[in-house]
Amino acid sequence: MTFSELKLHEDVLSGLDAMGFEKPTPIQEAAIPLIIDNKDIIGCAQTGTGKTAAFLLPLMHKIAANDISDEHINTMIICPTRELAVQIDQQLEGLGYFSGVTSLPVYGGGDGADFAREKNALAKGTHIVIGTPGKLISHLNLGYVKVDQLQHLVLDEADRMLDMGFHDDIMKIIGHLPKERQNLLFSATMAPKIRKMAKAILQDPEEINISISKPSEKITQVAFLAYDAQKIDLVKHLLRYNDIPSLVIFTSRKTKVRDITRALQKEGFEAKGISSDLEQTAREDILREFKNKQLPIIVATDVISRGIDVDNIDMVINYDVPGDAADYVHRIGRTARASSEGEAVTFINEEDQENFQKIEQLIEKEVRKVPMPASIGDGPEYNPKKYSGGGKRKPYKGNRKYKKR
Ligand code: ADP
Ligand code: MG
């Protein structure tokens, strides 16, 4: 498949040439025709797979092909951070060089002069405005933003925006927009809360799911068959007999975060817990300490299984098996980033065996089950069928979500 087969406007094709993009990525191939066809879409694909161009190209095509004037805002792109707003704007400038599409990034921080400049530009109109939720609301509330003829709304990194607590802000922004519009939601993951938001905002969306990537080969994956009562001793054992300067322990339950953190602190290990119970600023403080290597251990729920990008995490422990197979890939993907190596250790109790098998199917790899240390004693036997309860089992379906227990 080539970009010209996607029937993009020639000015957009020239932009692609200039950027050196030769052929569309899978998400681009799937999304571009649907967006040109005015469909609402939910696009899910791993980070780094070209989601930005997947929405920018067809939007630029529509603006160029319909000769849309930039005296009103045609498209609003909402994204979680200022860095991302700048990045999207830069990609837009590169790709849009020949099509004359105008854009304006609007993001938090900045001083009064920045605000006034943004205000002027927004009142004058621009084809595409890209902004973080807070800053967009500040401008919209003041009434001069020309959104009356807006045709497209893009929510980029929707999962991250929800993790950052932007749900209400996004809904407020949408309250300012015309009801008739095309909505495009992009996310690296399809968590249930994303589905909920999509339902509230999108109309009859087409869903695109590009299968999640397999864990990096540089992650050594092992598993212990352990009863719940043995797990905390197993963590302590691993900490005592291995050199693990930087460790993340994941658990599915908030209450467990507290229990594990306390148990480790009691033994003199420096550990702190992160869950959605903590304020955003407290979470950020703990993450900062962890990134700076002042804090060796964090215990967390899946709230951070996606966001964090910390160098040199030596080990990820899954204190329990995530109910959603994709979460496993995200969790262990915290280690072995960039060029480093890492270890992922999963504790599997009786009930989690079936879920773990699904993970192994997803990653197409059997994870080595290592014997329990003698000091802790035997764990449960490995027999996923026996523990599955013999109920109805759904056949494995590619990248589909599994029911949370
Ligand atoms: P995502 O939003 O999925 O995380 P990005 O849109 O940021 O990914 O794209 C990741 C990188 O891939 C960017 O540097 C972008 O310029 C590049 N890229 C995107 N599409 C293509 C393509 N079709 N061919 C070559 N490079 C591409
Ligand atoms: Mg992106």
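Residues numbered from 1 in each chain as written. Chains lettered and ligands numbered in written order. Predicted model: local features only at pLDDT ≥ 70, side-chain atom pairs only at ≥ 80, totals over all residues. Heavy atoms only, no water.

A short note on the overall build of the protein
Helices and strands together make up the secondary structure of the protein, namely 15 helices and 14 strands. In terms of overall dimensions, the protein is globule-like: its C-alpha atoms have a radius of gyration of 24 Å, near the 22 Å expected for 405 residues. Seen through its C-alpha atoms, the protein measures out along the principal axes to roughly 75 × 45 × 35 Å. Among the 405 residues that make up the protein, the fraction classed as buried is 51%. (Helix = DSSP H or I, 4+ residues; strand = E, 2+ residues; numbered from the N terminus. Rg over C-alpha atoms; globule rule 2.2 N^0.38 Å. Buried < 20%, exposed > 50% of the residue type's maximum accessible area, 1.4 Å probe, protein only.)

With respect to the pairing of strand β10 (residues 271-274)
Direction of pairing for β10 relative to strand β11 (residues 297-300): parallel, over a ladder of four bridges. In the sheet register, Ile-274 faces β11, and the bridge partner there is Ala-300. Of the crossover connections in this fold, the one passing from β10 over helix α12 (residues 280-291) to the parallel β11 is right-handed. (Pairing = 2+ DSSP bridges. Right-handed = clockwise from strand over helix to strand, strands pointing away.)

Some thoughts on the sheet that holds strand β2 (residues 75-78)
Strand order in the open sheet made by the seven strands is β3-β4-β2-β5-β6-β1-β7, with parallel pairing throughout. If you trace the sheet from one side to the other, it starts and ends with β3 (103-106) and β7 (206-209), each paired once. The average undirected angle you get between the axes of adjacent strands in this sheet is 15°. Pairing analysis gives four bridges linking β2 to strand β4 (residues 128-131), with the strands arranged parallel. (Axes fitted to C-alpha atoms, helices over the stretch in contact; angles between N-to-C directions.)

Focus: the packing of aromatic side chains
In total, this model carries five aromatic pairs according to the counting rule given. Relative to Phe-98, the ring of Tyr-97 has its centre 5.0 Å away and its plane inclined at 85°; by these criteria the two rings are edge-to-face. Using a relative accessible area of 40% as the deciding quantity, one classes Phe-98 as partly exposed. Seen in terms of ring centroids, Tyr-319 and Phe-347 are 5.8 Å apart; in terms of plane orientation they differ by 50°. Their pairing is tilted. Of this pair, Tyr-319 sits in the loop between β12 (315-318) and α13 (325-332) while Phe-347 is found in strand β13 (residues 342-348), placing the two residues 28 residues apart along the sequence. Residue Tyr-319 is classed as buried on the basis of its relative accessible area of 6%. According to the relative accessible area criterion, Phe-347 is buried, its value standing at 0%. An aromatic cluster is defined as three or more aromatic residues linked by ring pairs; in this entry it consists of Phe-224, Tyr-319 and Phe-347. Cation over ring: Lys-369 sits above Tyr-382, and NZ or CZ is 4.7 Å from the ring centre. (Phe/Tyr/Trp six-rings, centres within 6.5 Å; stacked < 30°, edge-to-face > 60°. Lys NZ or Arg CZ within 6 Å of the ring centre and 35° of its normal.)

A look at helix α14 (residues 353-363)
For α14, the tally of buried residues reaches nine of 11 residues, placing the bulk of the element in the interior. Taken as a whole, α14 has its buried residues at Gln-353, Glu-354, Asn-355, Phe-356, Lys-358, Ile-359, Glu-360, Leu-362 and Ile-363. Residues of α14 that are buried in the fold lie against β8 (219-225), α13, β13, β14 (368-370) and α15 (384-387). Count one or two residues on from α14 and you reach Glu-364, which has phi positive near 50°. (Contact = heavy atoms within 4.5 Å.)

Some remarks on the environment of Gly-131
With respect to the helices and strands, Gly-131 occurs in strand β4. For the pair Gly-131 and Tyr-107, spaced 24 residues apart in sequence, the C-alpha to C-alpha distance is 5.2 Å. Filtering out sequence-adjacent residues up to four positions away, Gly-131 remains in contact with Ile-77, Ile-78, Cys-79, Val-106 and Leu-136.

What to know about the sheet that holds β14
Taken in spatial order, the seven strands of this open sheet run β10-β11-β9-β12-β13-β8-β14, and their pairing is parallel. If you trace the sheet from one side to the other, it starts and ends with β10 and β14, each paired once. Taken pair by pair, the neighbouring strands of this sheet meet at an average axis angle of 25°, ignoring direction. Pairing analysis gives four bridges linking strand β9 (residues 247-250) to β12, with the strands arranged parallel. From the neighbouring strand, Val-248 faces β12, where its bridge partner is Val-316. Seen against the sheet, helix α10 (residues 228-241) touches β8, β9, β11, β12 and β13 and runs at an angle of roughly 160° to β13.

Some thoughts on the nonpolar core
Buried together is how nonpolar side chains tend to be arranged in soluble globular proteins. Judged by nonpolar contacts, the single largest core of 34 residues is most densely connected at Met-76, Ile-78, Leu-122, Val-147, Leu-155, Leu-185 and Ile-201. At the level of elements, β1 (41-44), β2, β3, α6 (133-141), β5 (152-155), α7 (158-163), α8 (167-175) and α9 (192-201) are the ones that each hand at least two residues to this core. With four residues, α9 is the largest single contributor of residues to this core. If we skip the residues at most four places from it in the chain, Val-147 touches Ile-73, Met-76, Leu-140, His-176, Leu-177 and Pro-178. Residues Ala-53, Phe-55, Leu-95 and Ile-128 belong to the second largest nonpolar core, which totals 33 residues. (Core = buried A, V, L, I, M, F, W, Y, C linked by side-chain atoms within 4.5 Å.)

Side note on unusual backbone geometry
Not every positive phi belongs to a glycine, and Asp-204 is a case in point at roughly 50°. In this fold, Asp-204 is placed in the loop between α9 and β7. On the basis of relative accessibility, which here comes to 74%, the residue Asp-204 falls in the exposed class. Residue Lys-293 is not a glycine yet carries a positive backbone phi of 65°. By secondary structure assignment, the location of Lys-293 is in the loop between α12 and β11.

Quick look at the environment of Leu-150
Tracing the sequence through the fold places Leu-150 in the loop between α6 and β5. In this structure Leu-150 comes out as buried when scored by relative accessible area, which is 2%.

Some details on the packing of helix α2 (residues 26-36) against helix α3 (residues 51-65)
Running from N to C, α2 and α3 point in directions that differ by 30°, and their axes come no closer than 9 Å. With respect to α3, the element α2 is oriented roughly parallel. Relative to α3, α2 is oriented so that their crossing is right-handed. For the pair formed by α2 and α3, the contact residues are Ile-27, Gln-28, Ala-31, Ile-32, Ile-35 and Ile-36 on the first element and Lys-51, Ala-53, Ala-54, Phe-55, Leu-57, Pro-58, Leu-59, His-61 and Lys-62 on the second. (Parallel < 35°, antiparallel > 145°, perpendicular 65-115°, else oblique. Left-handed = near helix turned anticlockwise from the far one by under 90°.)

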